[in-house]
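The chain contents come next:
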Amino acid sequence: MEDSKGKAEALNHKFVSVFTDENTSSQPKLNGSPSPDIDHLEITVEGVRKLLSNVNPKKANGLDNIPNRVLKECATSISPYITTLFKKTYDEGAVPNDWITAIITALFKKGDKTIDCKDDCNQLQKDLDKLIDWASKWQMKFNASKCYVLRITNKKKPILHNYHMHGQVLENVSQNPYLGVQFTNNLKWDIHINNITAKANKSLGFLRRNIGKFPEEIKKRAYQAIVRPNVEYASSVWDPYQENHIKQIEMVQRRSARFIKHPGSVTSLLKELKLPSLEIRRKIKRLCLFHKALHKKIAINIPDYVEQQGRTTRQYHRSKFRNLQTSTNTYKYSFFPRTIKDWNTLPIRLLNIEDAEAFKNSFTSYLTE
């Protein structure tokens, strides 16, 4: 097909074929509006600039993948354009399609998480069927070709079962991304670390080509905003313990130090730039996350099997925990066993701090001084 009209008709036919003709007669009814009425809003450039300036640069990027540090640092420049966009959206009562895109992830809540027999497989299939029925009631449909089965097990003979959605058998895979982290069936992080270091090195190459002659401070900020987040996102989950993985990640920062400041050894450059090792930064993130969970600052529950010491003495402290017994490296270096072991080595003065920001600052000084 070469003519433009034929291409347009073929494209239109494709859109029509996948368009959902909703039948709202059986759609569940909601009792009232879930959103309260709001008064008239006055959106100003200064207001938008203030909100952008208060963005936390350490939070994860949104679906647009624009680093929060970029939004914060460029708040003054971009606020007039964003203000215009917000005003148009508010006046017309409609938002761009990209703004209503969501990532939906099923989260396990209660009960046994393992598949030990065929009955468990059948029960999981029933749960999938219920999910499909719920989606159908709300005029939605899961794309079975984009749904996968990832079995995480170390059994030599795992229980095999074909799960299906809409009559289509789901594909079995040995690895798959989950909330931006590449999980494998053996819970090893080789593939994930290869992916994030490759992405970080590409970002560094982009900076070299575009701002290689810029002042040192700008290049440092660009590294912190664009390159480093690639190798730190969700690091509390996959924080490596093997030396080759640790060195592979550190090489990203060492290359970046050479990009930011040319003369001198890399070790001295990192010290001059005040860039602590990424390994130390990951440890700070892990223990700060545990501190927030312990003091109920975030919605992460401490599991029942994590038990505090029963008494307070010179050796024991009420905020220390019993070390968890492990039989595999996968579990030994997972979040709770590894973090609890590190937590128990902290001095009493750090354990007594309840404020999250104060703990982070004190712990950072403790590790880096």
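Note that the coordinates shown come from a computational prediction; the quantities given were computed from them, not determined experimentally. (Residues numbered from 1 in each chain as written. Predicted model: local features only at pLDDT ≥ 70, side-chain atom pairs only at ≥ 80, totals over all residues. Heavy atoms only, no water.)

What to know about the overall build of the chain
Phase 1 of the analysis: A tally of helices and strands in the chain yields 15 helices and 6 strands.
Phase 2 of the analysis: Each of the 369 residues in the chain was classed as buried or not, and the buried ones make up 27%.
Phase 3 of the analysis: By sequence separation, contacts in the chain at least 24 residues apart represent 59% of the contacts at least 6 residues apart.
Phase 4 of the analysis: A total accessible area of about 25700 Å² is found for the chain, and carbon and sulfur atoms account for 53% of it. (Helix = DSSP H or I, 4+ residues; strand = E, 2+ residues; numbered from the N terminus. Buried < 20%, exposed > 50% of the residue type's maximum accessible area, 1.4 Å probe, protein only. Contact = heavy atoms within 4.5 Å. Areas by Shrake-Rupley, 256 points an atom, 1.4 Å probe, with all protein chains shown as cover.)

Observations regarding the packing of aromatic side chains
Phase 1 of the analysis: This structure, assessed with the given rule, holds 10 aromatic pairs.
Phase 2 of the analysis: When the ring of Tyr178 is compared with that of Phe183, the centres are 6.0 Å apart and the planes differ by 80°; the resulting orientation is edge-to-face.
Phase 3 of the analysis: Overall, the relative accessible area of 35% leaves Tyr178 in the partly exposed class.
Phase 4 of the analysis: By relative accessible area, which is 19% here, Phe183 ends up buried.
Phase 5 of the analysis: With a centroid separation of 6.4 Å and an interplanar angle of 75°, the aromatic rings of Phe290 and Phe336 are classed as edge-to-face. Taken together, the residues span a long stretch of sequence, with Phe290 in helix α11 (residues 278-294) and Phe336 in helix α13 (residues 335-343) at a distance of 46 residues.
Phase 6 of the analysis: The exposure class of Phe336 is buried, given its relative accessible area of 15%.
Phase 7 of the analysis: Sitting above the plane of the Phe259 ring, Lys219 keeps its charged end 5.2 Å from the centroid. (Phe/Tyr/Trp six-rings, centres within 6.5 Å; stacked < 30°, edge-to-face > 60°. Lys NZ or Arg CZ within 6 Å of the ring centre and 35° of its normal.)

Structural notes on the packing of helix α6 (residues 190-211) against helix α9 (residues 243-260)
Phase 1 of the analysis: The N-to-C vectors of α6 and α9 enclose an angle of 5°; their axes lie 10 Å apart at closest approach. When the axis of α6 is compared with that of α9, the two are roughly parallel. Here Asp190, Ile193, Asn194, Thr197, Ala200, Asn201, Leu204, Leu207, Arg208 and Ile211 of α6 come into contact with α9, specifically with His245, Gln248, Ile249, Val252, Arg255, Ser256 and Phe259.
Phase 2 of the analysis: For the contact of α6 with α9, a count of residues per class yields 8 nonpolar, 6 polar and 3 charged. (Axes fitted to C-alpha atoms, helices over the stretch in contact; angles between N-to-C directions. Parallel < 35°, antiparallel > 145°, perpendicular 65-115°, else oblique. Nonpolar A, V, L, I, M, F, W, Y, C, P; charged D, E, K, R; others polar.)

Here's the deal with the pattern of salt bridges
Phase 1 of the analysis: With the rule as written, the count across this model stands at 14 salt bridges.
Phase 2 of the analysis: The shortest N-O distance in the salt bridge between Glu73 and Arg221 comes to 2.9 Å. Remark: Arg221 occurs in helix α7 (residues 216-227) and Glu73 occurs in helix α3 (residues 68-73); sequence separation between them is 148 residues.
Phase 3 of the analysis: One salt-bridge network, in which partners are shared between bridges, spans Asp239, Arg282, Arg286, Arg338 and Asp342. (Salt bridge = Lys/Arg side-chain N within 4 Å of Asp/Glu carboxyl O.)

What about the pairing of strand β5 (residues 175-178)?
Phase 1 of the analysis: The sheet contact formed by β5 and strand β6 (residues 181-184) spans 4 bridges and is antiparallel. When the sheet's bridge partners are listed, Tyr178 is paired in β6 with Val181.
Phase 2 of the analysis: Hairpin remark: β5 followed by β6, antiparallel, with 2 residues in the connecting loop; positive phi at Leu179, about 55°. (Pairing = 2+ DSSP bridges.)

Considerations on empty space enclosed by the protein
Phase 1 of the analysis: Across all of its chains, the model carries 1 cavity of 30 Å³ or more by this definition.
Phase 2 of the analysis: One number sums up the size of the largest cavity: a volume of about 30 Å³.
Phase 3 of the analysis: Ser236, Val237, Trp238, Asp239, Arg286, Tyr333, Ser334, Phe335 and Arg338 are the residues that line the largest cavity.
Phase 4 of the analysis: Elements that contribute at least two residues to the lining of the largest cavity include exactly α8 (235-238) and α13.
Phase 5 of the analysis: Residue contributions to the lining of the largest cavity peak at 3 residues, all from α8.
Phase 6 of the analysis: Grouping the amino acids of the lining of the largest cavity by side-chain chemistry returns 4 nonpolar, 2 polar and 3 charged. (1 Å grid on protein atoms, 1.4 Å probe; cavity = no way out; pocket = protein on both sides within 12 Å on 5 of 7 lines; lining within 4 Å. Points joined across faces, edges and corners; volume = space filled by probe spheres on them.)

Comments concerning the nonpolar core
Phase 1 of the analysis: Core analysis: the largest hydrophobic core is formed by 25 residues, its most contacted members being Val227, Val231 and Trp238.
Phase 2 of the analysis: Looking at this core, the elements with two or more residues in it are β6, α6, α7, α9 and α10 (266-272).
Phase 3 of the analysis: It is α6 that provides the largest number of residues to this core, a total of 6 residues.
Phase 4 of the analysis: For Val227, the contacting residues outside a window of four places in its chain are Ala200, Ser203, Leu204, Leu207, Ala222, Val252 and Ser256.
Phase 5 of the analysis: Core analysis: the next-biggest nonpolar cluster, separate from the first, contains 17 residues, Trp343, Leu346, Leu350 and Phe363 among them. (Core = buried A, V, L, I, M, F, W, Y, C linked by side-chain atoms within 4.5 Å.)

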